Every structure is written in C-alpha cells, then in structure tokens.
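What follows is the residue order along each chain.
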Amino acid sequence: MILQKLTLTNYRNYDKCTLQFNPNVNILIGENAQGKTNLLESIYTLALAKSHRTSNDKELIQFGEEYGKIEGELSYRHGSMPISLIITKKGKKAKVNHLEQSRLTQYIGHLNVVLFAPEDLNIVKGSPQIRRRFIDMELGQMSAVYLNHLSNYQRLLKQKNHYLKMLQIGRMKDRTMLEVFNDQFSEAAANVTLKRAHFISELEKIAEVIHQGITSDKESLMVHYEPNIKLAETHHNVADLKNAFCELLNESMDKEIERGSARFGPHRDDISFHVNDMNVQIYGSQGQQRTTALSIKLAEIELINQVVGEYPILLLDDVLSELDDKRQTHLLSTIQEKVQTFVTTTSVDGIEHEIMKDAKVFNVSKGNIIE
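What you see is a predicted model, and the numbers here were worked out from it, not measured in a lab.

(A) Representation of the packing of helix H4 (residues 128-142) against helix H6 (residues 175-214). In contact at an axis separation of 11 Å, H4 and H6 are set at 90° when each is read in the N-to-C sense. In terms of orientation, H4 and H6 fall into the roughly perpendicular class. On H6, the residues that touch Arg132, Phe134, Ile135, Asp136, Glu138, Leu139 and Met142 of H4 are Lys195, Arg196, Phe199, Ile200 and Leu203. Its residues assigned to classes, the contact of H4 with H6 comprises seven nonpolar, no polar and five charged.

(B) Geometry of the UniProt feature "binding site: ATP" (unreviewed entry) in the protein chain. Under the UniProt annotation, the feature "binding site: ATP" (unreviewed entry) is placed at Gly30, Glu31, Asn32, Ala33, Gln34, Gly35, Lys36 and Thr37. Note on placement: Glu31 falls in the loop between strand E3 (25-29) and helix H1 (36-48). You can call Glu31 exposed: its relative accessible area is 55%. By the secondary structure assignment, Asn32 is in the loop between E3 and H1.

(C) How the structure looks around the side chain of Glu300. Residue position: Glu300 is located in helix H10 (residues 286-308). For Glu300, the residues in contact, after removing those within four places along its chain, are Val114, Phe134, Glu138 and Leu203.

(D) Representation of the packing of H4 against H10 in the model. Between H4 and H10, the shortest axis-to-axis distance is 10 Å and the interhelical angle comes to 20°. Between H4 and H10, the interaxial angle falls into the category roughly parallel. In the crossing of H4 with H10, the sense of the turn from one axis to the other is right-handed. Contacts between H4 and H10 pair Phe134, Glu138 and Met142 from the former with Ile296, Lys297, Glu300, Leu303, Ile304 and Val307 from the latter. For the contact of H4 with H10, the class distribution of residues is six nonpolar, no polar and three charged.

About the criteria used
Residues numbered from 1 in each chain as written. Predicted model: local features only at pLDDT ≥ 70, side-chain atom pairs only at ≥ 80, totals over all residues. Heavy atoms only, no water. Axes fitted to C-alpha atoms, helices over the stretch in contact; angles between N-to-C directions. Helix = DSSP H or I, 4+ residues; strand = E, 2+ residues; numbered from the N terminus. Parallel < 35°, antiparallel > 145°, perpendicular 65-115°, else oblique. Contact = heavy atoms within 4.5 Å. Nonpolar A, V, L, I, M, F, W, Y, C, P; charged D, E, K, R; others polar. UniProt positions renumbered as here; feature names shortened; annotations may be inferred. Buried < 20%, exposed > 50% of the residue type's maximum accessible area, 1.4 Å probe, protein only. Left-handed = near helix turned anticlockwise from the far one by under 90°.

In structure tokens form, the structure reads like this:
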C-alpha cells in the first residue's frame, strides 16, 4: 500500500499543496511549529476520518475557511484508487474512487496507517483509556465489522447511562426498561469483547517474536487482554457471553442505579504488558517500556499485512530521536523496502542507516514545502 500523492486544501496551516511521495521513505524536515506534524496528521486523518491530536474537527480547518479537504492517490498490489475526506463545521464527507460513502465505517480501512510518536510510549505507561483507544484505532482499520459493533456499543452505553441517571435521581421508575437495555447492551458488549480478545491474542504472537529480536533473546514479552467482563475468560462465543453478562447486569441493577452509570462493559477494559513475567507498566525501566512500545508498533504493521494483504503506511512523528541507536536500527531495518514511511524530524543528524540514503526529503517552513 503506497500513498503516491497527497493534496491538502485549507487544512491547518496549509492553504493548498500537492505532494508526490517516494514509495519507500519520505523525510519532513523543519523547525518546530512549521507544519511537519500537521502533514503527518493529515495522512492519519485521511485514513481514519479522525485526528490523533484533537477530537474537535473544526481545528483541522484553516482559520477563516468553511471547509478543509484531504485527497490521496493510493496504489495497491492490484491497482490504484483515489480517496478523499472533506471536513466541514457540520460534519465529514468521505469518497472512495469518487463515490461518496454513506457511512464512515464503509470508508475506514481503504488506507491503513500505523502512527508512532513519542506519546505512544503512553500505550505502555499511560491510562487504560489510551490503550482502549489503541485497540479501537488499529482493530477498526482491519475490521469494518468491529467498527459497527463498537459504534453500536457506544450508542447503547450512552442510552443506558442516561436511563441509569434518570433512575438515580428519581425521574424514571420503570426497571423493566433497564432490563431491555441490559439485554441489548450485553450482546453489543459480547461482540466487542471477543473481537478485542482475538486481536490482542494475534498481536501478542507477533510482538513476542519481535521483542525477542530487539533484546537478543534476553527478554520475552506477553500481552494480556484484561476485559472488564471477566466472564469472557470462560465464555468464548457471543451467545454464551451475552447471556452470562446479561444475568450479571440484572443482578447488579441496584448498584448501577446507585452509581448512575454502567459499572461493567468494554468501556472499562485494559491491556497489560509483561516482560520476563514482570509487569513492565509498573516495574519496567524506561528502556523496557520503550522496547515494549516499539515491539507493539512493529507487530501492528505485520498484523495488518496478515489481515488485509497489504503493508500499512508508517508515520514516525519525531520518534527516531527518542530511540537509542539499537532500537532505531531495528526499527529502520524491519521496515526497509517493505513499508512506505513518513518521518518528521528537525534534523537527520544522528540517524545513521542506509535506508535514509534513498529517502525523499521535504523541507517544511510556515506551511510551505520545498522538495
């Protein structure tokens, strides 16, 4: 999978620009706050129809303009295709091969990306919310079915929480309606939970091998999915898990009403990482945490290739400077001639690898790009 051309219109600090890319490595060089990360963000947003930096789409539109537009020309093993995303203050419009998509879930997955930025170290040491977002972003790219299950779950969670709040303050009295919510909520939760469990299991298999390679077989990595619904450990199909979870929810009705929000469900899931049987989030050194994050990111690349049959595009946002020589070399050697890569940096000094010799360099300054 290659992004051949990118056109930005009224996006962040870019008025209008069109860029042709190298199928291997593209380096964006410039001082801070010039637009390097904006360019990387535009590729991520083109892929996932949302930014990794803000939840407010209006921030993506250049100040004073009514809309922002991202267009990409993609090439695959078996052909090429244009995709585009228009962002307005009222919503988004996505097109694949010039055809407007009625739902964003139909659009996501045509362009696969893996982003690695300094803040991605928080996948290991940050909050559970960061790790849940990591699952949703990566699994969502590979599975439109998962995106639909997740969207359905989030809708039902919002409805259930609203009804629980009404019961808590006495504005609603009918518990029968809550039982109806619990039945629907349980099925949606079971679908999300089992999809996540399978994803983490497959990711662990790949990450374990990669981690051993980076550490010269000195460390073994295990990735544990920790579902909030512990019943998932003994119920492995949707129907069984749904029934068991619904029973639990109905038994816990008083506690949920007292709390005014849902106590159980995938919205409270987590992942843990263990290196040599030690929880690296709690006891690992910064080096071990960085190696774990790198192993997970490289595993994502391989897993996407296994599932969709194409390597994703890799976005490295000022991350090479955060890695020591050994990890940097392992990263660049792994992706060499396999993965189209975009690198942002203030300088190429200190990046010693043959992959950089054939890279295409773009100089970024105040929203202007010089090749």
